[in-house]
Structures are given as C-alpha cells and as structure tokens.
Amino acid sequence: MSSAAGEMEVIVRQVRAETSEIRSFVLEAANGATLPPFEAGAHIDVYPMNGLQRQYSLVNDPADRSRYVLGVKREQNGRGGSNAMHSQLTEGSKLRISRPKNNFSLRDNGGRSMLLAGGIGVTPLLSMAQALAARDADFALHYFARSNQELAFQQLITSSGWADRVFYHFGLVPPLLNDVLAEILSSPGADDVIYLCGPNPFMDVVRSSAEEAGWPAASVALEHFSATPPKLTPDAGEFVVRLAKRGIELLVPPDKAIIDVLREAGVEIKTSCEQGVCGTCLTQVIEGEPEHNDLYLSDEEHESGRLMTPCVSRARSKLLVLDL
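Every chain is numbered independently, its residues counted from 1 as its sequence is written. Side-chain atom pairs in this predicted model are given and counted only at pLDDT of 80 or more, local residue features only at pLDDT of at least 70, and totals for whole chains, interfaces and linings cover all residues. Hydrogens and waters are ignored; side-chain quantities use all the structure's heavy atoms.

Points about the packing of aromatic side chains
Line of reasoning, step 1. We call Phe, Tyr and Trp rings a pair once their centres come within 6.5 Å, taking the six-membered ring for Trp, and we label the pair stacked below 30 degrees between planes, edge-to-face above 60, and tilted otherwise. Applying the stated criterion across every chain yields a total of 6 aromatic pairs.
Line of reasoning, step 2. Between F38 and Y68, the ring centres sit 5.8 Å apart and the planes meet at 85 degrees, which makes this aromatic pair edge-to-face. You can see F38 sitting in the loop between strand 2 (22–29) and strand 3 (43–47) and its partner Y68 sitting in strand 5 (residues 68–73), a full 30 residues away along the chain.
Line of reasoning, step 3. Owing to a relative accessible area of 0%, Y68 belongs among the buried residues under this scheme.
Line of reasoning, step 4. When the ring of Y168 is compared with that of F170, the centres are 6.2 Å apart and the planes differ by 5 degrees; the resulting orientation is stacked.
Line of reasoning, step 5. Burial classification: accessible surface area is computed with a 1.4 Å probe over protein chains only, and a residue below 20% of its type maximum counts as buried, one above 50% as exposed, and the rest as partly exposed. For Y168, a relative accessible area of 34% translates into the label partly exposed.
Line of reasoning, step 6. Among the residues examined, F170 registers a relative accessible area of 35% and is labelled partly exposed.
Line of reasoning, step 7. One aromatic cluster is present, formed by Y143, Y168 and F170 through successive ring pairs.
Line of reasoning, step 8. Sitting over a ring, as applied to charges here, requires NZ of Lys or CZ of Arg to be within 6 Å of the ring centre and within 35 degrees of the ring normal. Just above the ring of Y47 sits the side chain of R96; from NZ or CZ to the centre is 4.1 Å. Helix and strand definitions follow DSSP, with helices as H or I runs of at least four residues and strands as E runs of at least two, each counted in order from the N terminus.

The following block contains the structure:
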C-alpha cells in the first residue's frame, strides 16, 4: 500500500458479466485488511494498466467494507479504460486503486429521495438505495434501460429488502420518456431530492422535466460519467498562462488545451477524465477570467472565477495566473 499517494493494492476476487456490455468487479484488499470506509455515491480511481487512470462508482452497501464492487460498461469508442478493465482483468488479478472519494453524497433531507438511473448510471444509485434502506428513508429507484437484457445488478436488487421500491422503464425515448418523467416527478415536496446519473442526453431530459414539474434546481443532485470536450478552433483566441509558483509564462494557442501546453513545458499536474467531469485537475485561479467548459463546478463556483479545470477550460482574459 502506498499511503503517501493514498493508493492501495487490491485483488480482483470476482468478475461477472452483468449484461453483454457491463461487467461487475469485486475487489478485496490484497493484504486481507478491511477496506477504507466510504459513503454512498463515492467512487475510486482505478489504474488498470500503466498510464491509465479511470474513475468508477462503488456499487455496494457502504456498511460492507470487506470489498468494493464496481460496474464497468465497455465503451467501444472510449479512451481505453473500460476496454482494459474488460480485457486485462481476471479473477486473481492485482490492481492499484485510490481511496474512495465522493462528489455525489446523499443529503440529510427529510423528504423523498428520487433515484433516477440511465443505464450504467445505476451504479452509484444502487449504493445510495442500500444506504437509504438502512436508515428507513423514503426513496424510490427508477431504472431506465434499453431492455430487460440491459439491466445490470439484477441479483443485487431482487435479493434486497427494497426490491419493491425499484421501478423499471424500458426503451423509452422522447416524447414518451418525457410523459413518464412528468408522472414520476409530479408534486415535488419542499424537502424532496432527485439523485440523477446516466448518459448526458438522458440527464438533460430529466432536468428539463424536473424544472417543468416545479423542482428547484438546487434539489437536483447529479453526477456525470463523461462529457464532450469543447472543440478547439482557430477563432478561440490565444492567451498566456502564468504559473505563479514556478514563475514561468506559457502561451496557450487556440488549438491546444492548457494541460497539453503544460505537459509540453514539462509541467505535470494530476488529471483523470480530461473531460471536465471529475475535478482531479482542479486548480486555483489567482488572476484573470476563466472560460469554464467543465461539468464539475457549480454555477456559483463558475461565477466566482476562483477555481478552474485546465483540462478543458480556457481564459476569457489575455492573462491567466494559476496557483501552480
């Protein structure tokens, strides 16, 4: 275990095909110890092979620290992480992971918790369902998938004591999807919360339906798995990044991301998704106006301009001074 880096070694104890595209991985500590605690909605960084770092939500009950359970969908057009997980890892493989992190925590609300999952987005919501059931909270899990064959973790759900709180919706597309969501999200209570995870188009429809049904924006908690990076075009404009701690200035041209310019100058900062989703590269802004292209920071944090994600965000000002 590398405590300095907050990383540890685990053994892949079980690999199971949940669907034709999704596999579950059961991880146990290599030294047989109890794994670090986590809260529902948490994720871990996984290093399936050298040079790859990906983030996956923990599926299992936070009360169970004997293992971590992941669900990974193989993305044919992805960046290699899911393919490495599916093709390289077998039962008995050793794997390096981070300690759990959480950007998608359950709130301490007294009303209903509405869990809406699109496909593989069910993974953090299953952990939430188990935690909510343990505290006897009022919740429902709505699981949207293309078909019954595309449902992951069916055994976990059907063997649970909360299976009657799970509702399945198959093959829905607008406008029928909008009609179903309007019914699910009708009559929001003052202390109700929506927890949402899935493909971005699905989440966009849910957020729009929630707004139409009268849900305040603050009552919708969500987590993005991926994002479409902004297109870098010649008319994007160039700017200068000053690294305050290193005392150097670098020109960022229109066709390059800040992190690429940093790497070319020999400056490495920690990154993971490189899509503005995970917050791993979050950097403090000392001076200048960022142009935010991420999905991690809140609207208030965007407006404050004190933090930015250099993997996808740029600058509106000619000079951007970062705390690097």
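Quick notes on a negative patch on the surface
Line of reasoning, step 1. Without a salt bridge and with relative accessible area above 30%, a residue can belong to a patch; like charges are then joined within 9 Å and nonpolar side chains (Val, Leu, Ile, Met, Phe, Trp, Tyr) within 5 Å. Using a 1.4 Å probe, the Shrake-Rupley method yields the accessible areas, and only the shown protein chains count as cover for residues. By definition, a salt bridge exists where a carboxyl oxygen of Asp or Glu is found within 4 Å of a side-chain nitrogen of Lys or Arg. None of His or the chain ends enter the tally, which takes Lys and Arg as positive and Asp and Glu as negative. Every charge is mapped onto a representative atom, which is NZ of Lys, CZ of Arg, CG of Asp or CD of Glu. Together, D299, E300, E301 and E303 give the surface a local cluster of negative charge.
Line of reasoning, step 2. Topologically, D299 is positioned in helix 7 (residues 299–304).
Line of reasoning, step 3. Note on D299: relative accessible area 56%, which makes it exposed.

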